[in-house]
Amino acid sequence: MNIKKILKTVLPLVLGGFLVWYSLSKISLDVLIGYFKDAKYGWILLGLFFGILSHLSRAYRWKFMLEPLGFKPKYTNSVLAVLVGYLVNLAIPRAGEISRATVMANYEKIPFEKGFGTIVAERIADLIMMLSIVAITLFVQFDFIYELLTKNFNPTKIVIGLTVLILGFYILTSFIKKAKSGFLLKIKTFVAGLLEGVTSIFKMKNKWAFIFHTVFIWVMYVAMFWATIPAIEGLHVPFGGILIGFIAGGFSIAATNGGIGLYPIAVAGALALFDVPTEPATAFGWIMWTAQTAMIIVFGGLAFFALPIYNKNK
């Protein structure tokens, strides 16, 4: 078991190290350093401002999940717990949620399982937002995506593939609905839990405030990405490119520790679809990743040390 835990921690770091090497093979280190030197840091700071607003909003949104359970934690502790969670996620993927619930259990006496349950429900809301952005991107860039697919893939094969996927999904869901035991029952139970978590959002007392903050958080995420683009002189990205680049970067963060190595590759690949040159696209990916990672390290580190000081009388 210990070996498995070590592998889960080490493998993403090894993968990230390889991806860093691969990304830097696409651009000279001297050229990349030049982009960092010439970057307009006013735009980067604006992007970081939007990022901080998203974290503050996330901490405030959390109270709408905790209040129905009878808990009213201090907002400062909620903010500090969120920032520590992001910091821990850089080292160990998905461990941030555990640390966040642990912080509130220690300083606000919120039972770990209840705090963790609300965080899972939040993640469901975030997943819905991410899928919504994907859907909006597909709608806004439908002609571009359709042309891209038909240009690189045989339209007949695409139709056949989609048909197979739809039929496969229908057959799988039919088996899951009828499942009485085994792995399919676990999937059925998991999906039922997800649906229950989603519907619970609409049953809470302050559901509209929760929904507002959920939308606000993700608008700030996109705004952070958008605001950082002018930091590189001459980098022009259309709105569709911003959305696709943001989505690519978002999925890369989930794949490796904080998107290390993969984020610049994913973003550069997305921007390349819009004929953005490789060097500035890769440099933007590195600047964007460095800025948000530095923000998490600085504020997460400060939060880690501030927690015991703020709660010293407890």
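Residues numbered from 1 in each chain as written. Predicted model: local features only at pLDDT ≥ 70, side-chain atom pairs only at ≥ 80, totals over all residues. Heavy atoms only, no water.

Participant: Looking at this model, I keep getting lost on the overall build of the chain. Mind explaining?
Facilitator: In terms of regular secondary structure, the chain is built from 13 helices and 0 strands. When its helices and strands are written in sequence order, the chain yields α-α-α-α-α-α-α-α-α-α-α-α-α. Counting over 314 residues, the chain shows a buried share of 40%. On the chain, roughly 17,900 Å² of surface is accessible, and the fraction owed to carbon and sulfur atoms is 73%. (Helix = DSSP H or I, 4+ residues; strand = E, 2+ residues; numbered from the N terminus. Buried < 20%, exposed > 50% of the residue type's maximum accessible area, 1.4 Å probe, protein only. Areas by Shrake-Rupley, 256 points an atom, 1.4 Å probe, with all protein chains shown as cover.)

Participant: In this structure, what is going on with the packing of aromatic side chains? I would like to understand it.
Facilitator: The geometry of two aromatic rings is summed up by the distance between their centres and the angle between their planes. Counted according to the given criterion, the structure contains 11 aromatic pairs. Centroid distance Tyr-60 to Tyr-75: 5.9 Å. Interplanar angle 75°. Geometry classified as edge-to-face. Separated by 15 residues along the polypeptide, Tyr-60 in helix H3 (residues 41-66) and Tyr-75 in helix H4 (residues 75-91) bring together distant segments of the chain. Take Tyr-60: its relative accessible area is 31%, and that puts it in the partly exposed class. One aromatic cluster in this structure is built from Trp-218, Tyr-221, Phe-225, Phe-246 and Phe-284. Directly above the aromatic system of Trp-62 lies the positively charged group of Arg-100, at a separation of 4.0 Å from the ring centroid. (Phe/Tyr/Trp six-rings, centres within 6.5 Å; stacked < 30°, edge-to-face > 60°. Lys NZ or Arg CZ within 6 Å of the ring centre and 35° of its normal.)

Participant: Help me understand the pattern of salt bridges in this model?
Facilitator: A side chain with one charge can pair with a side chain of the opposite charge if their charged atoms come near. Under the criterion given, the structure shown has 7 salt bridges. One salt bridge connects Glu-233 with Lys-40, and the closest N-O pair in it is separated by 2.8 Å. Note that Glu-233 is positioned in the loop between helix H10 (207-228) and helix H11 (239-255) and Lys-40 in the loop between helix H2 (29-38) and H3, a separation of 193 residues in sequence. Judged by its relative accessible area of 62%, Glu-233 is exposed. The exposure class of Lys-40 is partly exposed, given its relative accessible area of 38%. One salt bridge in this structure joins Asp-126 and Arg-58, with 2.8 Å as the shortest N-O distance. A residue pair is termed long-range when its members are at least 10 positions apart, and Asp-126 in helix H6 (residues 112-140) and Arg-58 in helix H3 qualify at 68 residues. Residue classification places Asp-126 among the buried positions, given a relative accessible area of 4%. (Salt bridge = Lys/Arg side-chain N within 4 Å of Asp/Glu carboxyl O.)

Participant: Explanation requested: the environment of Thr-76 in the structure shown.
Facilitator: Mapped onto the secondary structure, Thr-76 falls in helix H4. In this structure Thr-76 comes out as partly exposed when scored by relative accessible area, which is 33%. Separated by 234 residues in the primary sequence, Thr-76 and Tyr-310 place their C-alpha atoms 8.6 Å from one another.

Participant: Got a minute to help me understand the nonpolar core in this structure?
Facilitator: Soluble globular proteins: nonpolar side chains tend toward being buried together. Of all hydrophobic cores here, the largest spans 67 residues; its most connected members are Trp-62, Trp-218, Phe-225, Phe-246 and Phe-284. Here this core takes 12 residues from helix H13 (residues 278-310), the largest share from any one element. (Core = buried A, V, L, I, M, F, W, Y, C linked by side-chain atoms within 4.5 Å.)

Participant: Looking at this structure, I do not really get the side chain of Thr-228. What am I missing?
Facilitator: Tracing the chain through its elements places Thr-228 in helix H10. Overall, the relative accessible area of 2% leaves Thr-228 in the buried class. Here Met-224 takes part through its backbone oxygen, which lies 2.7 Å from a polar atom of the side chain of Thr-228. (Polar contact = N/O pair within 3.5 Å; in protein donor to acceptor, adjacent residues only side chain to side chain.)

Participant: How should I be thinking about H4 in this particular structure?
Facilitator: One turn of the α-helix equals 3.6 residues, which is why residues spaced by three or four share an orientation. Helix length check: H4, at 17 residues, gives a terminal C-alpha distance of 25 Å against a target of 24 Å (1.5 Å per residue), a fit within 8%. With 12 of 17 residues buried, H4 is to be regarded as a mostly interior element. Among all positions of H4, only Asn-77, Ser-78, Val-79, Leu-80, Ala-81, Val-82, Leu-83, Val-84, Gly-85, Tyr-86, Asn-89 and Leu-90 are buried. Buried residues belonging to H4 abut H3, helix H5 (95-107), H6, H10 and H13. (Expected span 1.5 Å × (residues − 1). Contact = heavy atoms within 4.5 Å.)

Interpretation in functional terms is not warranted from these geometric data alone.
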